[in-house]
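# Architecture at a glance
So the chains spell out like this:
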Amino acid sequence: MMRKINKEYFRSALFGFEDALVSTTGVVVGISAGTSNVSFVVLAAIVTVIVEAFSMGAGEFMTEKSLQELDRFRKFRTSKPSVGAVLMFFSYFSAGLIPIVPIFLFRYPYSAAASTVFAFIGLYLLGYVKGKVIGIPAVRSGFGILLVGGIATLAGLIVGLTLKTY
């Protein structure tokens, strides 16, 4: 029997992980398409992950805190803003590292392709786990998140190619 999962915490972790994979991969692929300067790609990716992890964590905290203030006299909220913020920060930060790791493992331009593959595997696995946790078809859930994330990553690639520096 599966233990009861706090919906707000599950949402925070799922949102942070998916958003980091898509955002960071879009940055890595887009900037890699626009420049061959690997140091610049690494710098942009790391800055993106760190700033966005803090931003997402802070946004989650402020959202949960505001919802608790709205429900001050009612006992509807079952989550703590600080827990949601920490979950959002760490899920975003850890998932954001997934597309960065290939930059250190592979030479340019293969590193950009490997970043995309790593992120797409992560997106699929995230959807698969989500499906298992909430009781829907896991394979379909995996491909659903992969499709949405893939479209967003494609946007980063298009922007990078369009604004390519020579």
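Heads up: the structure comes first, above all this text.
For clarity, every value in this text was computed on a predicted model and none was experimentally measured.

## Remarks on the packing of helix 1 (residues 7-34) against helix 6 (residues 138-162)
Axis angle and axis distance: for two packed helices, these are the angle between their axes and the distance between the axes, and together they describe the pair. Close contact between helix 1 and helix 6 brings their axes to 7 Å; oriented N to C, the two are set at 25°. The orientation of helix 1 with respect to helix 6, classified from their angle, is roughly parallel. For the pair helix 1 and helix 6, the sense of crossing is right-handed. Residues E18, V22, T25, G26, V29, G30, A33 and G34 of helix 1 form the contact with helix 6, whose participating residues are I145, G149, A152, T153, G156, L157, G160 and L161. Looking at the contact of helix 1 with helix 6, its residues break down into seven nonpolar, eight polar and one charged.

## Here's the deal with the environment of F106
Inspection of the secondary structure assignment puts F106 in the loop between helix 4 (101-105) and helix 5 (110-134). Residue F106 is classed as partly exposed on the basis of its relative accessible area, which comes to 38%. If sequence neighbours within four positions are ignored, F106 has contacts with S111, A114 and F118.

## Side note on the pattern of salt bridges
Taken as a whole and assessed by the stated rule, the structure comprises two salt bridges. Between E60 and R11 there is a salt bridge whose closest N-O contact spans 2.8 Å. Taken together, the residues E60 in helix 2 (residues 38-70) and R11 in helix 1 connect sequence positions 49 residues apart. The class of E60 is buried, set by a relative accessible area of 5%. A relative accessible area of 36% means that R11 is categorised as partly exposed. Two residues, E64 and R11, come together in a salt bridge whose shortest N-O distance is 3.6 Å. Of this pair, E64 sits in helix 2 while R11 sits in helix 1, and the two are 53 residues apart along the sequence. Three or more residues are tied together by salt bridges with common partners; here these are R11, E60 and E64.

Parameters and conventions
Residues numbered from 1 in each chain as written. Predicted model: local features only at pLDDT ≥ 70, side-chain atom pairs only at ≥ 80, totals over all residues. Heavy atoms only, no water. Axes fitted to C-alpha atoms, helices over the stretch in contact; angles between N-to-C directions. Helix = DSSP H or I, 4+ residues; strand = E, 2+ residues; numbered from the N terminus. Parallel < 35°, antiparallel > 145°, perpendicular 65-115°, else oblique. Left-handed = near helix turned anticlockwise from the far one by under 90°. Contact = heavy atoms within 4.5 Å. Nonpolar A, V, L, I, M, F, W, Y, C, P; charged D, E, K, R; others polar. Buried < 20%, exposed > 50% of the residue type's maximum accessible area, 1.4 Å probe, protein only. Salt bridge = Lys/Arg side-chain N within 4 Å of Asp/Glu carboxyl O.

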